[in-house]
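Below are the chains, spelled out letter by letter.
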Amino acid sequence: MADTSPMQSALNGIAQPGDFGADQPAGPGVTITERQGLQILHVAGDIRDAEFPSQVRHAIGLPLPMSAGETRASQGTRVLWLGPDRWLVATEDALPALSDAAAVNDVGQGRLVLRLTGPRVRDILAKGCPLDLHASAFPTGHCAESLIGHIGVTIDCTADETFDLYVNRSYAAFFWEWLTRAAMEYGYRVLPAG
Amino acid sequence: MTGQAFRNADGGGIDRTKPLTFTFDGKSYQGHCGDTLASALLANGVRLVGRSFKYHRPRGIFGAGVEEPNALVQLRQGARTEPNIPATRIELYDGLVATSQNRWPSLKFDIGAINAVLHKLFPAGFYYKTFMWPAKLWPMYEHFIRHIAGMGKTPTEPDPDDYAHRFAHCDVLVCGGGPAGLATALVAGRSGARVVLCDENDTFGGALRSQPQTIDSRPAMDWVRDTATELGRLENVTVLNRTTATAYYDHNMVVLDERVADHKIAPENHEPRHRLWQVRAQEVVLTTGAIERPLIFAGNDRPGVMLASAAQTYANQFGVRAGERTVVFTNNSSAYAAAVDLQAAGIEIQAIIDARNEPPAGDLTRAKDAGIGVLTGHAVVAALGNHAVNSVTVMALNEDGADVTGEPHDILCDLVAVSGGWSPSVHLFSQSRGKLRYDDDLTAFVPDRSFQRERSAGAANGSFDLSECLSEGFTAGAKAASQAGFEAAAMAAPTCGTEPELRPRALWAVPLPDFLHGKRFLDLQNDVTADDVGLAYREGYRSVEHLKRYTTLGMGTDQGRTSNVNGLALMAGRRCEAIPAVGTTTFRQPFTPIPMGAIAGADSHDHVSPTRLSPLYQWHKDHGAPFTTAGYWMRAQAYPQGGETLEEAYLREAKHVREKVGIVDVSTLGKIDLQGKDAAEFLNRVYINGFAKLAVGKCRYGVMLRDDGIVFDDGTVTRIAEHRFLITTTTLHAGAVMTHLEYLAQVEWPELDVRMISVTDDWTGIALAGPRARAVLECVTEGDVSDVALPFMGFQETHIAGAAARLYRISFSGEQAYEINMAPGHALAVWEALLEAGAADDIIPYGSEAMNILRIEKGHVVGGELNGRTTAADLGFGKMMSSQKPFVGHVLAGREGLNGEGRQQLVGLIPVNGRSRIPRGAQIIADTGAKTPIPRLGEVTSQCMSPNLGHPIGLGILANGRARIGDTLQAHSPLTKQSVAVTVTDPIFIDPAGERLRG
Amino acid sequence: MLEIKCPWCGPRAQTEFSYAGDATLTRPSLDTATETEWYEHVYLRGNPRGPHDELWHHAAGCRRFVKVRRDVTTHEIIATAGPHEHLGGGGK
Ligand SMILES: [Zn+2]
């Protein structure tokens, strides 16, 4: 039976579309969009287990990334390395069915996903993230779990000057406030969720 | 030129076309763009700018930069006011308002100056000695001292500005943008390495800004500008002006304080006032320059006594004459250049008093060419005057400098430019754990051995010659870049005009002749004199660390930059030891004071710590709930109706739930998803009770212990599938339990096939409780929730109000109850559906307060009882402890001290009079009239008014509690002095047989 | 602030980690160890100067436990490894 109950965003009543903060003649330093409707799975398993990696590969059509910060992507689907035995699968498609070889949790609604794009995005994240976010150290296709503004965040550089942030939902309002305050000096634009 | 009587018509880096108006102590003045507050005050002839800390002596401007000990002012007004800012570090802006500090009622007439007359009452160590006893009088002393010894005023309104933090990583961090720093950054930058170059001033150049020299036959500042321009164009170089490297920590982490908007009346366009950088560098190069030391003589604190380099800076950089007639007093060669520059700026040079018997011939020629007289082997023994210097007394030094001889001469002057040699700024080097070496030729400490990946260059390294600074910078830049993995091309040092070596004569304090009185100040900010060092020595405070604490030498906002070396050299003299044997005090972070706002950054106001919100938060708020915190979580306490007080509301709610039905948001409980073939075995080892036989679709209550046998946490475990469990934890221990389980799985039992993640955020929890709970539930689900299909401690995966849900028949309230977990996006819909469906059954929402009452009535334990000292047996879980299997904590739980006679056990408490609330946190004693110390039998851990019983109740842990049931004892609160007679009861007040929850 | 090299994630800031105790200890067996062994394990600790093996939890990263050999007098980190791997470098 499918869910028929209405869904609510973690930013309901908090994020308003529009331009905020400093006036920048060249446009806002960052544009923020909430990515809604993304299906997200947390997958844990033992790569020494013969079946696990191949089964996951079959189900999602992508091999599991094996090295720190590595991601794999296809149209609409991304697989993020979170640790030696943990991955995040984020997809705009239907959720893949995964076998018992993996420990799987649907974490789609437990995360707020924000897409940040713009020339100052690294400057803004670096206000609260201890990672080296320079393009040479954190290029497109790189991901990491770390802290931003004291909150645990999964960070995925999906394209040039574009980052997807995965934040635990209970921290959504707190993180939103941190992020928008950090972006004030560079100017930011909020687009309607999509 | 309005009123700027001491401003030259030309010269200096200021923009005379841009006048700026400012006020000091309420009086309006004009300065120019490019001025500091100090240079603008001097241009206007303002020489008295403050009163000293202890003796309230008149003080003027002593330095020109970060070393300034005297000219501390209160900057700005209202919410933006800041105390203790050196006027030498304040860039002038239009509309600047500053006031002097430490004076009352006015700067010129200061009542505190009586301290100077009574100075015998205020020797070093005065505070320790006088005010230690009697302790009762401290408040009175403190009131008096605080009033007269204030150091400016803190703002009373909230700071309106933003402050930012910034993490950065680089290959080479260069601290200091003088010639050596620019050379370093240039080579490293050209190599392609990621370079951060910071400098505390608004423009680069360091000492070159005020000491004109040549590089390749051009003015050195041209080279500075060219280099800064090239660095600015390099994409791999981050250039930070107005940014002080202020703290050096472990693993090459350096903190920079960027003053983004301090040079403006207010920040613009949402910029932060300060940005605090935490830079992690592969390699650090310290090019922090050097600071000139003063010479110590009687009255050396009077306005008009100034570092020679500072007077030179005012002349060259700002076109300001710091006086009209000056005596230059030096022990080294650098002051000769200063004297020539002062003369060129129009200041009459009365004489150069050189402590050296035979200055280098070059110095003498230079003076002679300028027509300046030099008195060698002499010293200024005193500066005279009241609010400012009007003359100095000069005498000859004897051979070893320990005495002065001959006739004293007085020389008229309004400026005494002093140079006691130069101290490399080794603060950051020392903070990095680098070892210092005392250089006899320089009479200064210089970097010796690095501890971290760091190197010093230029004046910071004891190299004062410009070409040496540049070549050291080029070398340091190349080495740092190559260490960081880049290939740096060698650069030949350009040809520079040469300056003579310093060749100082060690002269740590000019001897005070018998016929003179007067204080010889070492530390101007803390009013520590040369004689105080002698006093400290006589009283046994002979280590430099003791000297510092006894006399407060070097403890001010200037960190003793102009006083430390002289102080420890004087102590070395007293101890008849060499200076290196005495050593230095520890250089501590920060090098310069950092505003509290910059340290807080964005972590201010509501952002001091994170907050976590349930998906139902907005509903709770919209329905009038006040909130309380549980860890980071915000929890709705109750939903007051009409004019109800909070207490009325939660008492009503708690009663209503037992009579009818209610729902409560329990999203904050920790939830852990555990999977794997060995998950059951893992749980068996973790909990005191067995889990191997828990059937799929069943829940079980479990208790876990720490290794030491004390209860760690409790909660329920549900078997979702053969190899999948859901663990719940208390709200407060969720993180610690997760870490504990990960530790056991990863480190201790890697052979077990288990994986776990926290799913707290993925499942919103709503508890539905009360005699009509099932009736309400049946309205919102098509599943079978009958007692047969879903008995107590049963579990179902189902749909509630259209949302996929996990349904647990568990009860915290003791009523017929269900916990519903659903994805957070559906939580509001489910919550509202329950309220709507339950309307016929008179359903209400209830908050955390009512939930707490319901659990106290049932004797369920939470934080107060799980206090880190109670065992499972203490809390009544003794029978749960399996003897069939080992589990974490079982061995030490069995040790003698945690068992047997005298253990404090969980009990219920009821006031004997049936009315009095049991005091929160009360101690349980037998007799309030007993002789103290009264034996403590236990404590009240929870208490409330029970609306269902109609009288107050409490839970407590009580020595031999179970054996005392029926006894009458006293619950006594020493804090509120309340005592309530209580009867000891069983901790379960309602339905001990558990019939209601199984109903 | 220290920089700790997680064997899985690489060099990370200390704020991502939490200290998790002494890594030189061997946990007594759950089934067979005596009260004395447990007592010593839980309560008795050396406080050696110089290099020391510690456990850290990469809590804000991969959530793995990491063995860290750190000089407790200078904060120098000599080596890091997984909890069951051998640490390089001197000391214990
Ligand atoms: Zn890691």
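The structure presented is a predicted model; accordingly, all values stated were derived computationally and were not measured.

Helix and strand counts for chain C stand at one helix and six strands. When the helices and strands of chain C are listed from N to C terminus, the series reads β-β-β-α-β-β-β. If you line up chain C on its principal axes, its C-alpha atoms span 40 × 30 × 20 Å. Here chain C, with 92 residues, has 48% of them falling under the buried criterion. Looking at chain C alone, contacts between residues at least 24 apart form 42% of all its contacts between residues at least 6 apart. With the model as given, the accessible surface of chain C reaches about 4,500 Å², and the carbon-plus-sulfur share is 47%. If the 11 positive side-chain charges of chain C are averaged to one point and the 12 negative ones to another, these points end up 5 Å apart.

Counting residues at the interface gives 49 residues for chain A and 44 residues for chain B. Of the roughly 4,000 Å² buried between chain A and chain B, counting both surfaces, carbon and sulfur atoms make up 49%. The three residues of chain A that bury the most area against chain B are A:Ser170, A:Phe174 and A:Arg181, which together make up 16% of that side's buried surface. Our enumeration of links across chain A and chain B arrives at six salt bridges. Note that A:Asp123 is salt-bridged to B:Arg166, the shortest N-O span being 2.9 Å. The interface formed by chain A and chain B includes 22 residue pairs in polar contact (both at pLDDT 80 or more). At the level of elements, strand E3 (39-44), strand E7 (103-106) and helix H3 (172-183) of chain A are the ones that each hand at least two residues to the side of chain A that touches chain B.

Below, the discussion takes up the coordination of the zinc ion. All names here are of chain C. On the protein side, the zinc ion has Cys 6 (SG), Cys 9 (SG), His 58 (ND1) and Cys 62 (SG) as donor atoms, found 2.0 to 2.4 Å from it. For the zinc ion, the four donor atoms in the first shell make angles of 103 to 114° at the metal, so the coordination geometry reads as tetrahedral. Accessibility expressed as a relative area gives 1% for Cys 6, which makes it buried. What makes His 58 buried here is its relative accessible area of 0%.

All chains considered together, the criterion is met by 74 salt bridges over all chains. In this structure, A:Arg35 engages A:Glu92 in a salt bridge whose closest nitrogen and oxygen atoms are separated by 2.6 Å. Placement of the pair is A:Arg35 in the loop between strand E2 (30-34) and E3 and A:Glu92 in the loop between strand E6 (86-91) and E7, with a sequence separation of 57 residues. Of the charged contacts in the structure, one is a salt bridge between B:Glu283 and B:Arg453, with a shortest N-O distance of 2.6 Å. You can see B:Glu283 sitting in strand E15 (residues 274-286) and its partner B:Arg453 sitting in the loop between strand E27 (444-449) and strand E28 (454-456), a full 170 residues away along the chain. Shared partners join several salt bridges into a network, and the residues in it are A:Asp85, B:Lys677, B:Asp753, B:Arg755 and C:Arg64.

To continue, consider the pairing of E3(A). Residue and element names in this part refer to chain A. Here E3 lies mainly inside the structure; five of its six residues are buried. Pairing of E3 with E6, which is carried by six bridges, proceeds in the antiparallel orientation. Within E6, the residue paired with His 42 across the bridge is Leu 88. Inspection of the sheet shows E3 paired to E7 by four bridges, in the antiparallel sense. Considered in E7, the bridge of Ala 44 is made with Ala 103.

All right, on to the interface of chain B and chain C then. Quoted interface sizes are often the accessible area lost when the parts come together. Contacts between the two partners involve 29 residues from chain B and, on the opposite side, 27 residues from chain C. Buried surface at the junction of chain B and chain C, both sides included, amounts to about 2,500 Å², of which 58% is carbon and sulfur. The largest share of the area that chain B buries against chain C comes from B:His251, B:Arg280 and B:Gln746, three residues that together contribute 23% of it. The interface formed by chain B and chain C contains three salt bridges. The salt bridge partner of B:Asp707 is C:Arg27, with a shortest N-O separation of 2.7 Å. Seen at the junction of chain B and chain C, the total is 13 residue pairs in polar contact (both at pLDDT 80 or more). Elements that contribute at least two residues to the side of chain B that touches chain C include exactly E15, helix H20 (734-748) and helix H24 (890-893) of chain B. With eight residues, the top contributor of residues to the side of chain B that touches chain C is H20(B).

Residues and elements named next belong to chain B. Considering all chains together, one arrives at 10 cavities of 30 Å³ or more under this definition. Surrounding the largest cavity, 19 residues form its lining, Ser 423, His 427, Asn 564, Val 565 and Phe 587 being those nearest its centre. Listing elements by their share of the lining of the largest cavity, those giving two or more residues are strand E25 (422-424) and helix H14 (564-574). Here the lining of the largest cavity is composed, by residue class, of eight nonpolar, nine polar and two charged.

The subject of this paragraph is the domain arrangement of chain A. Residues and elements named next belong to chain A. The domain architecture assigned to chain A consists of domain 1 (18-37 + 110-190) and domain 2 (39-106). Of note, the centres of domain 1 and domain 2, computed from C-alpha atoms alone, are 24 Å apart. Opposite the 13 residues of domain 1 that make contact, domain 2 presents 14 residues. Contact between domain 1 and domain 2 buries roughly 1,000 Å² in total, counting both sides, with carbon and sulfur atoms accounting for 53%. The three residues of domain 1 that bury the most area against domain 2 are Cys 143, Glu 145 and Tyr 166, which together make up 41% of that side's buried surface. Inspection of the domain 1/domain 2 interface yields six residue pairs in polar contact (both at pLDDT 80 or more). Of all elements in the fold, only strand E8 (111-117), strand E9 (143-148) and strand E10 (151-159) reach the threshold of two or more residues within the side of domain 1 that touches domain 2. If you tally residues by element for the side of domain 1 that touches domain 2, the top one is E10, at four residues. Residues of the side of domain 1 that touches domain 2, tallied by class, amount to four nonpolar, five polar and four charged.

Moving on to the sheet that holds strand E39 (residues 764-769) of chain B. Residues and elements named next belong to chain B. Pairing in this open sheet of six strands is mixed, and the strands run E40-E41-E42-E39-E33-E43 from one edge to the other. In this open sheet, the two edge strands, each paired with only one partner strand, are strand E40 (795-800) and strand E43 (844-845). Pairing geometry for E39 and strand E42 (residues 817-822), over six bridges, is antiparallel. By the bridge assignment, Ala 769 is partnered in E42 with Ala 817. Contacting strand E33 (662-665), E39, E40, strand E41 (803-808), E42 and E43, helix H22 (residues 827-837) runs over the sheet at an angle of about 10° to E39.

What follows covers the sheet that holds strand E47 (residues 951-959) of chain B. Residues and elements named next belong to chain B. Ordered in space as E44-E47-E46-E45-E48-E49, the six strands form a closed barrel in which the pairing is antiparallel. Strand-to-strand, the axes of this sheet are offset by a mean angle of 45°, without reference to chain direction. The pairing of strand E45 (residues 923-925) with strand E48 (residues 968-973) spans three bridges and is antiparallel. Of the residues in E48, the one forming a bridge with Ile 924 is Ala 971. Contacts from helix H23 (residues 848-857) reach strand E46 (938-946) and E47, with the element oriented near 115° to E46.

This part takes up the side chain of B:Asn684. All names here are of chain B. On the secondary structure map, Asn 684 appears in helix H19 (residues 679-686). Exposure remark for Asn 684: the relative accessible area of 12% places this residue in the buried category. When near neighbours in sequence (up to four residues on either side) are disregarded, Asn 684 contacts Asn 689, Gly 690, Phe 691, Ala 692, Lys 885, Pro 886 and Phe 887.

Moving on to the environment of B:Asn241. Residue and element names in this part refer to chain B. Among the secondary structure elements, Asn 241 is positioned in the loop between strand E12 (237-240) and strand E13 (243-249). Residue classification places Asn 241 among the partly exposed residues on the basis of a relative accessible area of 23%. In sequence terms Asn 241 and Arg 259 are 18 residues apart; their C-alpha atoms lie 8.4 Å from each other. Beyond its immediate sequence surroundings of up to four residues, Asn 241 is in contact with Asp 199, Asn 201, Asp 202, Thr 203, Phe 204 and Glu 258. At 3.5 Å, the side chain of Asn 241 forms a polar contact with the backbone oxygen of Asp 202.

The rules behind these values
Residues numbered from 1 in each chain as written. Chains lettered and ligands numbered in written order. Predicted model: local features only at pLDDT ≥ 70, side-chain atom pairs only at ≥ 80, totals over all residues. Heavy atoms only, no water. Helix = DSSP H or I, 4+ residues; strand = E, 2+ residues; numbered from the N terminus. Buried < 20%, exposed > 50% of the residue type's maximum accessible area, 1.4 Å probe, protein only. Contact = heavy atoms within 4.5 Å. Areas by Shrake-Rupley, 256 points an atom, 1.4 Å probe, with all protein chains shown as cover. Lys, Arg positive; Asp, Glu negative; His and termini not counted. Charge placed at Lys NZ, Arg CZ, Asp CG, Glu CD. Buried area = accessible area lost by both parts, 1.4 Å probe. Salt bridge = Lys/Arg side-chain N within 4 Å of Asp/Glu carboxyl O. Polar contact = N/O pair within 3.5 Å; in protein donor to acceptor, adjacent residues only side chain to side chain. Donors = N, O, S within 2.8 Å, 3.2 Å for Na, K, Ca; no water. Tetrahedral: all angles 85-135°; square planar, octahedral: opposite > 155°, others 65-115°. Pairing = 2+ DSSP bridges. 1 Å grid on protein atoms, 1.4 Å probe; cavity = no way out; pocket = protein on both sides within 12 Å on 5 of 7 lines; lining within 4 Å. Points joined across faces, edges and corners; volume = space filled by probe spheres on them. Nonpolar A, V, L, I, M, F, W, Y, C, P; charged D, E, K, R; others polar. Domains from an automatic or database assignment. Axes fitted to C-alpha atoms, helices over the stretch in contact; angles between N-to-C directions.

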